[in-house]
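Secondary and tertiary structure notes
Now for the letters of each chain:
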There are 2 protein chains.
Amino acid sequence: MKPRVRFWLAVATAAALLFAAVAQAQTDPLPSWNEGAAKLAIVRFVQSTTEKASAKFVPPEERIATFDQDGTLWVEHPMYAQLVYCLDRVPEVVKAKPQLAKVEPFKTVLSGDREAIAKLSRKDLLKILAATLTGMSVDEFSAEVKQWLLSAKHPRWGRPYTELTYAPMIELLKYLRANGYKTYIVTGGGQDFVRAYSEATYGVPPEQVVGSAGGTSYGYDKNGRPVLTKDPKLLLNDNNAGKPEGIHLMIGRRPHAAFGNSTGDRQMLEYTKAGDGERLAMLVLHDDAKREYAYGPAVGLPDTKVGAFTQALYDEATTHGWVVISMKNDWNRIFTFEK
Amino acid sequence: MKPRVRFWLAVATAAALLFAAVAQAQTDPLPSWNEGAAKLAIVRFVQSTTEKASAKFVPPEERIATFDQDGTLWVEHPMYAQLVYCLDRVPEVVKAKPQLAKVEPFKTVLSGDREAIAKLSRKDLLKILAATLTGMSVDEFSAEVKQWLLSAKHPRWGRPYTELTYAPMIELLKYLRANGYKTYIVTGGGQDFVRAYSEATYGVPPEQVVGSAGGTSYGYDKNGRPVLTKDPKLLLNDNNAGKPEGIHLMIGRRPHAAFGNSTGDRQMLEYTKAGDGERLAMLVLHDDAKREYAYGPAVGLPDTKVGAFTQALYDEATTHGWVVISMKNDWNRIFTFEK
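Each chain carries its own residue numbering, running from 1 in the written order of its sequence. Chain letters start at A and ligand numbers start at 1, both assigned in the order the entries are written. Side-chain atom pairs in this predicted model are given and counted only at pLDDT of 80 or more, local residue features only at pLDDT of at least 70, and totals for whole chains, interfaces and linings cover all residues. Just so you know, side-chain values use all the structure's heavy atoms and leave hydrogens and water out.

Some remarks on the pairing of strand β4 (residues 226–236) of chain A
All names here are of chain A.
- Two strands pair under a simple rule: DSSP has to find at least two bridges between them. Helix and strand labels come from DSSP, where a helix needs a run of H or I of at least four residues and a strand needs a run of E of at least two; each type is numbered from the N terminus. One ladder, built from 7 bridges, connects strand β3 (residues 209–220) with β4; its direction is antiparallel. Within β4, the position partnered with Y220 by the bridge is P226.
- Counted between consecutive antiparallel strands, the loop separating β3 from β4 contains 5 residues, among which G224 sits at a positive phi close to 80°.

A closer look at the interface of chain A and chain B
- Contacts between the two partners involve 39 residues from chain A, matched on the other side by 39 residues from chain B.
- Regarding the contact of chain A and chain B, the summed buried area is about 3,200 Å², with carbon and sulfur atoms giving 50% of it.
- When two parts are put together, the accessible area they lose, computed with a 1.4 Å probe and summed over both, is reported as buried area. A per-residue breakdown of the area chain A buries against chain B is headed by E207, Y218 and L249 of chain A, which together make up 20% of the total.
- One speaks of a salt bridge when a side-chain nitrogen belonging to Lys or Arg is within 4 Å of a carboxyl oxygen belonging to Asp or Glu. At the junction of chain A and chain B, the tally comes to 8 salt bridges.
- As a salt-bridge pair, R253 of chain B and E207 of chain A come within 2.9 Å of each other at their nearest N and O atoms.
- Between N or O atoms, a polar contact is any pair within 3.5 Å; within protein, one atom must be a potential hydrogen donor and the other a potential acceptor, and residues adjacent in sequence are included only when both atoms are from side chains. At the junction of chain A and chain B, the tally comes to 27 residue pairs in polar contact (both at pLDDT 80 or more).
- Of all the secondary structure elements, the ones that give two or more residues to the side of chain A that touches chain B are α7 (138–151), β2 (182–190), α9 (191–195), β3, β4, α11 (242–250) and α12 (266–273) of chain A.
- For the side of chain A that touches chain B, the per-class residue count stands at 18 nonpolar, 7 polar and 14 charged. Residues are treated as being in contact if the distance between any of their heavy atoms lies within 4.5 Å. Think of it as three bins: nonpolar holds Ala, Val, Leu, Ile, Met, Phe, Trp, Tyr, Cys and Pro, charged holds Asp, Glu, Lys and Arg, and polar takes everything else, Gly as well.

Examining the sheet that holds β4 of chain A
- Taken together, the 7 strands give an open sheet; going across it, the order is β4-β3-β2-β1-β5-β6-β7 (chain A), and neighbouring strands pair in mixed fashion. Two strands lie at the open edges of the sheet, namely β4 and β7 (323–326) of chain A, each paired on one side alone. Each strand of the sheet is rotated relative to its neighbour by a mean of 35°, with strand direction disregarded.
- When strand β5 (residues 257–260) of chain A meets strand β6 (residues 280–285) of chain A, the two strands line up parallel, connected through 4 bridges. Of the residues in β6 of chain A, the one forming a bridge with G260 of chain A is L283 of chain A.
- The axes are straight lines fitted to the C-alpha atoms, using for helices just the contacting stretch, and the angles between their N-to-C directions are given from 0 to 180°. The sheet contacts of helix α11 (residues 242–250) of chain B involve β3 and β4 of chain A, and relative to β3 of chain A the element is tilted by about 155°.

Now the structure itself:
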């Protein structure tokens, strides 16, 4: 080969390689994920379940993926956003029923004493939940949540809660949907609360949100127009065993992929992995105190009760082949607002 | 104009008109519907909610249409298919628990005495429902229903129940889906029962079936595999007020179109019509004793309790602008198996 020909051939090869690399970078559906076991598990799962020739091909109608929300899709520390919402609503509730101002736990909430509020019992919290999440129409409730989301800010980042979603998980939702998966949120949080922003925030429509759900009562307003009023009766406690039970109630199919971050997601992941063929179960591990938070026994820290990742859960993940996602190592970016 | 030119112009015009008529006939999405008020209401609704320039345009994500099943999508007389299923299952249940053979109402069912079975009380029927619809895993139940559907035949037509769907309604489901509507079944029947065949029979996936639903319990089988067992606890009685309540629980949006045939659908139609913008509410009237059945006070016949179309419902339809579909006059074909 003449040197000049060899030179141009080398240039052409380099150009082709460069083009391929650029094309790959441009089309990487998961750019916020570092190369590693977690990203590889996702890509392999999607390829093996969606390529027609694959032995593990899953028909499009059976492609269901379920995501926990708090701590899996967005920040859950120092307090669940919905609990902040309920506490923030207390003054309005007391304005409508002034006699509550002198009654616990409303008195403590109105005092603004953070330490005292943090010490409220589970029973007290349930009273606050009932007072702020029920008694209004479903349309009024949805409007109130949307209004609150416009002004409420997370204490650490000073941004709306809906901006504190994890960029790698948003990419994952989109990647799965682009491959024919129907993405569901399966949350211990309130179904109607999450539905108020799920479509705008996650691209997940209200009918694909499974959450803790109270009953409603059909009736008529003073003008005779039909109205659905939120009842204090709990129909579905969508935590722990309630997650697979809620999935059956609302979806009626076993997911092929499930994502969580705490013991509340254990049964959902077990149920998912126990299905035939290829199934993917993943747990987000909060081990990045610098960029987000580190908490839970699995990273050698105290159990904060908010999103507990226990050692037992870590052991079950190892036993069953669930993939643990290290926020610190697997994600090169945490939030969408970061560059 | 010269006679020859006039002649060819007439031929060309006739050919064009013929071509247009043929094209329209070929593309008519509702060929089993006679021209008339019912068909016109459907076509106008779809056009006004899906054409971008329309003042009543509905964004694709909000296009929800809900359908009652029994008497609206398929035959409900002389007995709901699911009730036939439950009665047919009794021998198997007794085989597993022989002591039931001597206990009512199982004894009567086993006797095969049709008159006595028809007289069973509501309380007795609930015992049969509990014994045949709960206690097994959700997967076992689904398999049993599918197996039954392969052999059970309707007493009048001698065909499987899944062949006794109304051709005009199947066309309507497809027409709405082709125009971006998500079609849901909202049935007083059992959610898990209908899910066993909804996709194959109606093109409606399990996650778009809202029905009367019992709870499930998450547990483990003897091999340690997760299993969901059907509980006798009723979570949602999806009839009457339960229909809009079930729609909120499972979908979280108000439908833009709803279809029913009895008083059990009244609240669903009210709720649908009370929404903003264009909404369509329709009721199938069983007035065709020859090709299907005629029943209910609205056609001057006794209330058979199975799919009651009362005079009060007819009056409410007139008041609220719900469109009544006459099976006799609006449908040129009842079943898909007819030519």
